[in-house]
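# Breakdown of the fold
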Amino acid sequence: MYEPTQLRTFLAVAQTLSFTQAARRLGLRQSTVSQHVRRLEEATGRPLFVRDTHGVELTEDGEAMLGFARTILEAHERAAAFFTGTRLRGRLRFGASEDFVTTRLPEILEAFRREHPEVDLELTVELSGTLQARLEAGRLDLILAKRRGGEDGDGGGELVWQDVLVWIGSPRLRLDPDRAVPLIVFPPPGITQARALEALQAQGRPWRIACTSSSLSANVAAARAGLGVMAHTRGLVPPGLVELPARAGLPELGAVDFVLRKGRRRGATQDAADALATAILAGGDRLHRPR
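Residues numbered from 1 in each chain as written. Predicted model: local features only at pLDDT ≥ 70, side-chain atom pairs only at ≥ 80, totals over all residues. Heavy atoms only, no water.

### Overview of the environment of Pro187
Quick reminder of the rule: Only DSSP runs of H or I reaching four residues or more are called helices, and only runs of E reaching two or more are called strands; each is numbered from the N terminus. Using a 1.4 Å probe on the protein chains alone, a residue whose accessible area is under 20% of its type maximum counts as buried, one over 50% counts as exposed, and one in between counts as partly exposed. For this analysis, residues touch if any pair of their heavy atoms sits within 4.5 Å.
Mapped onto the fold, Pro187 is located in the loop between strand 7 (181–185) and helix 7 (191–203). Residue class for Pro187 comes out partly exposed when judged on its relative accessible area of 22%. Note: C-alpha distance between Pro187 and Cys211 (24 residues apart in sequence) is 9.8 Å. For Pro187, the residues in contact, after removing those within four places along its chain, are Leu127, Thr212, Ser213 and Ser214.

### Structural notes on the packing of helix 5 (residues 105–115) against helix 9 (residues 268–282)
As a reminder, the rule being used: Axes here mean lines fitted to C-alpha atoms, for a helix over just the part in contact, with angles spanning 0 to 180 degrees between N-to-C directions. With respect to orientation, any angle under 35 degrees is reported as roughly parallel, any angle over 145 as roughly antiparallel, any angle of 65 to 115 as roughly perpendicular, and every other angle as oblique. Left-handed describes a crossing whose near helix is turned anticlockwise from the far helix through less than a right angle; right-handed describes the clockwise counterpart. All residues other than Ala, Val, Leu, Ile, Met, Phe, Trp, Tyr, Cys, Pro, Asp, Glu, Lys and Arg, Gly among them, are scored as polar; the first ten of these are nonpolar and the last four charged.
It is the contact of helix 5 with helix 9, at a shortest axis distance of 10 Å, that shows an interaxial angle of 135 degrees. The orientation of helix 5 relative to helix 9 falls into the category oblique. For the crossing formed where helix 5 meets helix 9, the hand is right-handed. Judged by residue contacts, Ile108, Leu109 and Phe112 of helix 5 engage Ala272, Ala275, Leu276, Ala279 and Ile280 from helix 9. Broken down by class, the residue content of the contact of helix 5 with helix 9 amounts to 8 nonpolar, no polar and no charged.

### Concerning the layout of surface pockets
Note the threshold: As defined here, a cavity is a set of points on a 1 Å grid over the protein atoms alone where a 1.4 Å probe fits but cannot get out. A pocket is an open set with protein on both sides within 12 Å along at least five of seven lines, and residues line them when an atom is within 4 Å of a point. Grid points are joined across faces, edges and corners, and a volume is the space filled by probe spheres set on the points.
In this structure, the largest pocket occupies an estimated 990 Å³ of space. Surrounding the largest pocket, 35 residues form its lining, Glu77, His116, Ala275, Thr278 and Ala279 being those nearest its centre. Elements represented by at least two residues in the lining of the largest pocket include exactly helix 1 (4–16), helix 2 (19–26), helix 4 (60–84), helix 5 and helix 9. For the lining of the largest pocket, the leading source of residues is helix 4, giving 8 residues. Grouping the amino acids of the lining of the largest pocket by side-chain chemistry returns 16 nonpolar, 5 polar and 14 charged.

### Re the environment of Ala221
Counting through the fold element by element, Ala221 comes out in helix 8 (residues 216–224). Taking relative accessible area as the criterion, Ala221 reaches 43% and is therefore assigned partly exposed. With 20 residues separating them along the chain, Ala221 and Leu241 place their C-alpha atoms 9.7 Å apart.

### Description of the packing of helix 1 against helix 2
Packing of helix 1 against helix 2 brings their axes to within 8 Å, and their N-to-C directions diverge by 130 degrees. Relative to helix 2, the element helix 1 lies oblique. In terms of crossing hand, the pair formed by helix 1 and helix 2 is right-handed. Contacts from Arg8, Thr9, Ala12, Val13, Gln15 and Thr16 in helix 1 reach Phe19, Gln21, Ala22, Arg25 and Leu26 in helix 2. For the contact of helix 1 with helix 2, a count of residues per class yields 5 nonpolar, 4 polar and 2 charged.

### Remarks on unusual backbone geometry
Even without being glycine, Leu17 reaches a positive phi, approximately 50 degrees. You can see Leu17 is positioned in the loop between helix 1 and helix 2. For Leu17, a relative accessible area of 34% gives the class partly exposed.

### Notes on helix 5
We apply this condition: Picture the helix axis, draw a direction to every C-beta atom, and the arc is the one those directions span.
All of the buried residues along helix 5 are Leu105, Ile108, Leu109 and Phe112. All buried residues of helix 5 lie within an arc of 95 degrees about the axis, which places them on one face of the element. Where helix 5 is buried, its residues contact strand 3 (90–97), strand 4 (119–126), strand 5 (142–148) and helix 9.

### Topic: the environment of Ala282
Mapping Ala282 onto the fold places it in helix 9. Taking C-alpha positions, Ala282 is 7.8 Å from Ala12, a pair spaced 270 residues apart along the chain. Excluding residues within four positions of it along the chain, Ala282 makes contact with Leu11, Gln15 and Arg70.

### Observations regarding the side chain of Thr269
Counting through the fold element by element, Thr269 comes out in helix 9. Among the residues examined, Thr269 registers a relative accessible area of 9% and is labelled buried.

### Examining the pattern of salt bridges
What counts here: Salt bridges are counted wherever a side-chain nitrogen of Lys or Arg sits within 4 Å of a carboxyl oxygen of Asp or Glu.
One pass over the full model with this rule turns up 15 salt bridges. Between Arg148 and Glu198 there is a salt bridge, and its shortest N-O distance comes to 2.8 Å. Of the two residues, Arg148 sits in strand 5 while Glu198 sits in helix 7, which places them 50 residues apart along the sequence. Here the salt bridges share partners, and the residues they tie into one network are Arg148, Arg195 and Glu198.

Spelled out as structure tokens, the structure:
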């Protein structure tokens, strides 16, 4: 009843909330993406997306289809692997940004390990800038990291989803407009830290560093204690923290992309990297939903 090709297209649109970005990810024309979604909606008899001049959003039926689409595609992949006799082997060094510590990425990795028990999966959790450097140095084979929104070009990576950076802090935190903004930041080369400092400087707003740590847990603890504010992805706001309202007077921080980038290794490692990348893209909506 539901074509795998149409389901893959549906997931790409659901994760990027953009027909244009989905077409770019899948290597299709935008008209083809629209056609796939339309045929899937005809098959279900329900609208899966709401489209207007402001963007694309999932309907309630679209939210329900996410789980069904993943289940159908995972079964399809298992059947294909069984009957073709393909078994992945080798060592795969995978790096994930600190942003995913509190997401459902472990569920995706667990399913991958069950499907490919002969792949030795090594996980590195680091800042996005550090992961990029290790990938380029040949010390990682695949990374899931963030980049500034809208960046593209050579080595830019395959888009998993887009979001925006916002200011977050304790619900009880009140900023004094006459005093420097207390910042909780990751050390360089942190993308969010760089964007936060640039935005404050452009606004002419004074700031001071209240806490620096390469650990997301440590920074979240500092924010919960009311030590300061953090720049963070809106879709990944940790429990106990809230997005600061516009009346706080802090500048907008712009968009952020989460992308997959592969290393230069070939053979078994590349096959394993391709398989894990496919699994992450198929389950990408889980990465910005609470566990």
